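# Chain and residue survey
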Amino acid sequence: MAALVVLFVGLVALVGSVSSAKFDELFQPTWALDHFVYEGELLKLKLDNYSGAGFQSKNKYLFGKVTIQIKLVEGDSAGTVTAFYMSSEGPNHNEFDFEFLGNTTGEPYSVQTNVYVNGVGNREQRLNLWFDPTTEFHSYSIFWNQRHVVFMVDETPIRVHTNMEEKGIPFPKDQAMGVYSSIWNADDWATQGGRVKTDWSHAPFVAAYKGFDINACECTVSVSADDNAKKCSSSAEKRYWWDEPVLSELNVHQSHQLMWVRANHMVYDYCSDTARFPVVPTECIHHRH
């Protein structure tokens, strides 16, 4: 069992693109450079009533694993959102989201995940974290292969989006994606549905980052999507670690972890929202988790 877990987290790789954990080798600022603070290997993004800030990867990827360690905004963070996500471009884009929703002091910090496929989202799940993510760094990861997308917190699976193409449900497997993170004001919806607004007397709100790691298939922008898909899929000539059969589904321990998270910490699941979806979304009917 331990060997399976090690393989899942990507420490044992057959073929893959293992990138450096240094921010400036993998990423670049995209807006509000004056809201970036560099402290050695540590990066901080600031939000005040003038601006938030964001960065993105220098390259795009198809399949593999992306991890960032984040220490979220301390104290009264109501109205703020810190996001870590992967996304392709265009109106029919694919996207995998972590959105950390600020709160008033003393409340549990919640994380919302979402999946867009061919430009269609509305697949939100929300859970309260089982620890205080503002006092120490915790790792947040997205693992992606042709069988599923797995969202992980400190290597614990919190969500799985399974490939169900055999049911006629599209799966994100042919668009290379960049890696992004940002902090911004979203007090129109982020905290208690927008009822609690950002208290700017507590600004600047600061999210800290370290441990940037990308173990994924790097794609060339000038190459067609089909060619990138072929390049990043295993064949007789090459084997990628993310295509190993043991990674096609969660192992028993990971399945139990996911069930524990859903039973004890999930506070919203779009699959159960009959007000928004009077007809249960097709993937919810067939999904095993």
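As the structure is a computational prediction, the values presented were derived from the model and not from experiment.

### A short note on the overall build of the protein chain
Along the backbone of the protein chain there are five helices and 15 strands. Its C-alpha atoms give the protein chain a radius of gyration of 19 Å, near enough to 19 Å, the size a compact globule of 289 residues would have. The buried share of the protein chain, reckoned over its 289 residues, is 52%. Long-range contacts, defined here as pairs at least 24 residues apart, represent 69% of the contacts in the protein chain between residues at least 6 apart. Of the roughly 13,000 Å² that the protein chain leaves accessible, carbon and sulfur atoms contribute 51%. Measuring between centres, the 23 positive side-chain charges of the protein chain sit 4 Å from its 35 negative side-chain charges.

### Looking at the packing of aromatic side chains
Enumeration according to the criterion identifies 25 aromatic pairs in this entry. Judged by centre distance (5.8 Å) and plane angle (15°), the rings of Phe 23 and Phe 27 are stacked. Note on accessibility: Phe 23 and Phe 27 belong to one class, buried. Note on Phe 55 and Phe 212: the rings are 6.1 Å apart at their centroids and 80° apart in plane angle, and the pair reads as edge-to-face.

### Details of the pattern of salt bridges
Considering all chains together, one arrives at nine salt bridges under this definition. A salt bridge links Lys 44 to Glu 39, with the shortest nitrogen-to-oxygen separation between them at 3.5 Å. Judged by relative accessible area, which is 25%, Lys 44 ranks as partly exposed. Judged by its relative accessible area of 40%, Glu 39 is partly exposed. Linking Arg 276 and Glu 124 is a salt bridge whose minimum nitrogen-to-oxygen distance equals 2.9 Å. Of this pair, Arg 276 sits in the loop between β15 (266-269) and α5 (282-286) while Glu 124 sits in the loop between β8 (110-116) and β9 (125-128), and the two are 152 residues apart along the sequence.

### Topic: the sheet that holds strand β7 (residues 95-101)
Reading across from one edge, β1-β4-β13-β6-β7-β8-β9-β15 is the order of the eight strands in this open sheet, with antiparallel pairing throughout. The strands lining the two open edges of the sheet, one partner per strand, are β1 (27-31) and β15. This sheet shows a mean twist of 15° between the axes of neighbouring strands, independent of strand direction. One ladder, built from four bridges, connects strand β4 (residues 53-57) with strand β13 (residues 178-185); its direction is antiparallel. Each residue of the ladder has a partner; that of Gly 54, found in β13, is Ser 182. In the packing of helix α4 (residues 252-265) onto the sheet, the strands contacted are β9 and β15, and the crossing angle to β15 comes to about 90°.

### Some details on the confidence of the model for the protein chain
Averaged over all residues, the pLDDT of the protein chain is 89; the fraction at 70 or higher stands at 91%. Here helix α1 (residues 2-8) is the element of the protein chain with the lowest mean pLDDT, 45, and strand β11 (residues 148-153) is the one with the highest, 98. Contacts for the low-pLDDT stretch residues 1-13, under 50 throughout, to residues beyond four places or in other chains number 26 contacts.

### Remarks on α4
Between its first and last C-alpha atoms α4 spans 20 Å; for 14 residues at 1.5 Å apiece the expected length is 20 Å, and the two agree. Turning to α4, its buried residues are Gln 254, Gln 257, Leu 258, Val 261 and His 265. Buried positions in α4, seen along its axis, are confined to an arc of 95° and lie on one side of it. Set apart from the buried face of α4 by more than 90 degrees, the exposed residues are Met 259 and Ala 263. Where α4 begins, one side-chain oxygen reaches toward the backbone nitrogen of His 253, 3.1 Å away; that side chain belongs to Asn 251.

### Observations concerning unusual backbone geometry
Look at the link from Ala 203 to Pro 204: it is a cis peptide, with omega at 5°. Tracing the backbone through its elements, the reader meets Pro 204 in the loop between β13 and β14 (205-219). Of note in the backbone geometry, Asn 122 takes a positive phi value of approximately 60° without being a glycine. Within the secondary structure layout, Asn 122 lies in the loop between β8 and β9. In the Ramachandran plot, Glu 155 falls in the positive-phi region, its phi being about 70° despite a non-glycine side chain. Within the secondary structure, Glu 155 sits in the loop between β11 and β12 (156-162). The class for Glu 155 is partly exposed, based on a relative accessible area of 30%.

### Focus: the state of the cysteines
Such a bond, covalent and formed between the sulfur atoms of two cysteines, is termed a disulfide. Counting across every chain of the model gives two disulfides. Across a sulfur-sulfur distance of 2.1 Å, Cys 217 and Cys 232 are joined as a disulfide pair. As the torsion about the S-S bond is roughly -75°, the Cys 217-Cys 232 disulfide counts as left-handed. A residue pair is termed long-range when its members are at least 10 positions apart, and Cys 217 in strand β14 and Cys 232 in the loop between α3 (225-231) and α4 qualify at 15 residues.

How each quantity is defined
- Residues numbered from 1 in each chain as written.
- Predicted model: local features only at pLDDT ≥ 70, side-chain atom pairs only at ≥ 80, totals over all residues.
- Heavy atoms only, no water.
- Helix = DSSP H or I, 4+ residues; strand = E, 2+ residues; numbered from the N terminus.
- Rg over C-alpha atoms; globule rule 2.2 N^0.38 Å.
- Buried < 20%, exposed > 50% of the residue type's maximum accessible area, 1.4 Å probe, protein only.
- Contact = heavy atoms within 4.5 Å.
- Areas by Shrake-Rupley, 256 points an atom, 1.4 Å probe, with all protein chains shown as cover.
- Lys, Arg positive; Asp, Glu negative; His and termini not counted.
- Charge placed at Lys NZ, Arg CZ, Asp CG, Glu CD.
- Phe/Tyr/Trp six-rings, centres within 6.5 Å; stacked < 30°, edge-to-face > 60°.
- Salt bridge = Lys/Arg side-chain N within 4 Å of Asp/Glu carboxyl O.
- Pairing = 2+ DSSP bridges.
- Axes fitted to C-alpha atoms, helices over the stretch in contact; angles between N-to-C directions.
- pLDDT = per-residue confidence, 0-100.
- Expected span 1.5 Å × (residues − 1).
- Arc of directions from axis to C-beta.
- Polar contact = N/O pair within 3.5 Å; in protein donor to acceptor, adjacent residues only side chain to side chain.
- Disulfide = S-S within 2.5 Å.

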